[in-house]
Amino acid sequence: MSVLVLVLSVSAACCLGIGFVLQQNAAQHAPLGDFLSPRLLLDLIRVPRWLAGIGLMICGMGLGAVALGRGEVSLVEPLLATNLLFALLLSRHQTRAPLGRQGWAGLLLLAGGVTAFIVAGQPRGGTAVTDPLRHWLIIGVMVGGALALAALAKRSRLSAAPALLAVAAGMLYGVQDALTRVSGQRFGAGGWSELLTSWQPYAVFALGVTGLVLVQSAFETAPLRMSLPALTAAQPLAGIVCGVGFLGDRLRTDAGALAWQAVGLAGVVVGVVLLGLHPAMPGAAERERGEMRSVT
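Residues numbered from 1 in each chain as written. Predicted model: local features only at pLDDT ≥ 70, side-chain atom pairs only at ≥ 80, totals over all residues. Heavy atoms only, no water.

Q: Could you clarify how one ought to interpret the nonpolar core in this entry?
A: One recurring pattern in soluble globular proteins: nonpolar side chains tend to sit buried together. Counting 76 residues, the largest nonpolar core has Leu165, Leu214, Leu231 and Phe246 as the members making the most contacts within it. Looking at which element gives the most residues to this core, the answer is helix α8 (residues 161-196), with 13 residues. When near neighbours in sequence (up to four residues on either side) are disregarded, Leu165 contacts Phe35, Leu36, Ala150, Ala153, Leu214, Ser217 and Ala218. (Core = buried A, V, L, I, M, F, W, Y, C linked by side-chain atoms within 4.5 Å. Buried < 20%, exposed > 50% of the residue type's maximum accessible area, 1.4 Å probe, protein only. Helix = DSSP H or I, 4+ residues; strand = E, 2+ residues; numbered from the N terminus. Contact = heavy atoms within 4.5 Å.)

Q: Help me understand the packing of aromatic side chains, please; the structure alone is not making it clear to me.
A: The geometry of two aromatic rings is summed up by the distance between their centres and the angle between their planes. Taken as a whole and judged by the stated rule, the model has 3 aromatic pairs. Taking the centre distance of 6.1 Å and the plane angle of 75° together, the rings of Phe20 and Phe219 count as edge-to-face. With Phe20 in helix α1 (residues 3-27) and Phe219 in helix α9 (residues 200-221), this residue pair connects regions lying 199 residues apart in the sequence. A single burial state applies to Phe20 and to Phe219, both of which are buried. Arranged with centres 5.0 Å apart and planes meeting at 70°, the rings of Phe187 and Trp192 form a pair that is edge-to-face. (Phe/Tyr/Trp six-rings, centres within 6.5 Å; stacked < 30°, edge-to-face > 60°.)

Q: I'm lost on the environment of Ser74 in this one. Help?
A: Its location among the elements puts Ser74 in helix α4 (residues 73-80). Distance from Ser74 to Ile118, taken between C-alpha atoms, is 8.4 Å for residues 44 residues apart in sequence. Setting aside anything within four residues of it in sequence, one finds Ser74 in contact with Phe117, Pro123, Ile240, Val244, Asp249 and Leu251.

Q: So what exactly am I meant to see when it comes to the environment of Gly64 here?
A: Secondary-structure assignment places Gly64 in helix α3 (residues 48-70). Exposure remark for Gly64: the relative accessible area of 5% places this residue in the buried category. Separated by 26 residues in sequence, Gly64 and Leu90 have C-alpha atoms that sit 20 Å apart.

Q: What should I look at first to understand a nonpolar patch on the surface in this one?
A: Among the surface-exposed residues, Phe187, Trp192, Leu196 and Tyr202 lie close enough to one another that they form a single nonpolar patch of about 470 Å² accessible area. Residue contributions to the nonpolar patch peak at 3 residues, all from α8. (Patch = residues over 30% accessible without salt bridge, like charges linked within 9 Å, V, L, I, M, F, W, Y side chains within 5 Å. Areas by Shrake-Rupley, 256 points an atom, 1.4 Å probe, with all protein chains shown as cover. Salt bridge = Lys/Arg side-chain N within 4 Å of Asp/Glu carboxyl O.)

Q: Help me out: how do you make sense of the side chain of Gln176 in this one?
A: Mapped onto the elements of the fold, Gln176 is located in helix α8. Given a relative accessible area of 4%, Gln176 falls into the buried group. A polar side-chain atom of Gln176 sits 3.1 Å from the main-chain carbonyl oxygen of Val204. With sequence-adjacent residues up to four places away left out, Gln176 is seen in contact with Met61, Val204, Leu207 and Gly208. (Polar contact = N/O pair within 3.5 Å; in protein donor to acceptor, adjacent residues only side chain to side chain.)

Q: Quick question: what am I supposed to make of the pattern of salt bridges here?
A: Here the idea is simple: oppositely charged side chains can pair when their charged atoms come close. In the structure shown here, the tally under the stated rule is 3 salt bridges. Linking Arg181 and Asp249 is a salt bridge whose minimum nitrogen-to-oxygen distance equals 2.7 Å. Placement of Arg181 in helix α8 and of Asp249 in the loop between α10 (228-246) and α11 (255-276) is noted, with a sequence separation of 68 residues between them. Asp249 shares its class with Arg181; the two are buried. Measuring nitrogen to oxygen at the nearest pair gives 3.3 Å for the salt bridge that ties Arg252 to Asp254. The class for Arg252 is partly exposed, based on a relative accessible area of 29%.

Q: Mind showing me how you'd approach the packing of α1 against α4 here?
A: Each pair of packed helices gets described by two things: the angle between the helix axes and the distance between those axes. Running from amino to carboxyl end, α1 crosses α4 at an angle of 40°, the nearest separation of the two axes being 8 Å. Viewed along their axes, α1 and α4 adopt a mutual orientation that is oblique. As for the relative orientation of α1 and α4, their crossing is right-handed in sense. Together, Val5, Leu6, Ser9, Ala12 and Ala13 of α1 and Leu75, Val76, Leu79 and Leu80 of α4 make up the contact between the two elements. (Axes fitted to C-alpha atoms, helices over the stretch in contact; angles between N-to-C directions. Parallel < 35°, antiparallel > 145°, perpendicular 65-115°, else oblique. Left-handed = near helix turned anticlockwise from the far one by under 90°.)

Q: Got a minute to help me understand unusual backbone geometry in this structure?
A: Where the residue is not glycine, phi is negative for most of them; where a peptide bond is considered, it is trans in most cases. For Gln122, which is not a glycine, the phi torsion comes out positive at approximately 45°. Here Gln122 lies in the loop between α6 (100-121) and α7 (132-156). By relative accessible area, Gln122 is classed as partly exposed at 43%.

Spelled out as structure tokens, the structure:
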């Protein structure tokens, strides 16, 4: 693994994690009438804290795009999942809550899972799939699934709505990361003329805006721990599916390697959930106090 790709990916994760915390701090005060509406972004754009969070997220996405241009999606995506560690560090600074067993267990599972997946899978580049049907099938399943989850969240308004929206956004962001890599390859091959005459950069923009509305709606309706774990877990899984599915990323496929890759991804998901549910996450303490008041 390139040291530069590692530094870029972890730096991107740092910007994303801190940016998500700042965005949720602002979004939780937005009017609920803006739920799943582009008006939500128009309201939030007036809040300096949210703008700072968006600036950090854009910086993180830029660093991630450079990392994707130099490394495989299946390598970069698990590293980007460590953004939750940085979100927890900032949240812990705000709440002064200790890590405890849950925090340390989540940290070790997330870090160990990322390491196990990368070491066992040894992601490497290959020849991209040229069959357009395969491209559109994978992208269609991801985008269609995300839209179905968003529609379910909007119609039901269940307590699970923030997690559903976060999973939907993570799926869109995973596809966005894959298409970002394709856009970078087109730019490298033919410059701006090649890039601007292809559909991928416009799809990257559309996916980014749609995902942003979904994420901010999830942040608006519940504490960060109800949405960020789902977002952080869904994005790398979707990105890996796209990377292996049509970008030509190759992973080791012997039985032992596949078993360790599955263990690594499971560790990532469990670690993300444990960290996301940690009491240090923004809104967690307030929610717990509210639940205690309602019981008494």
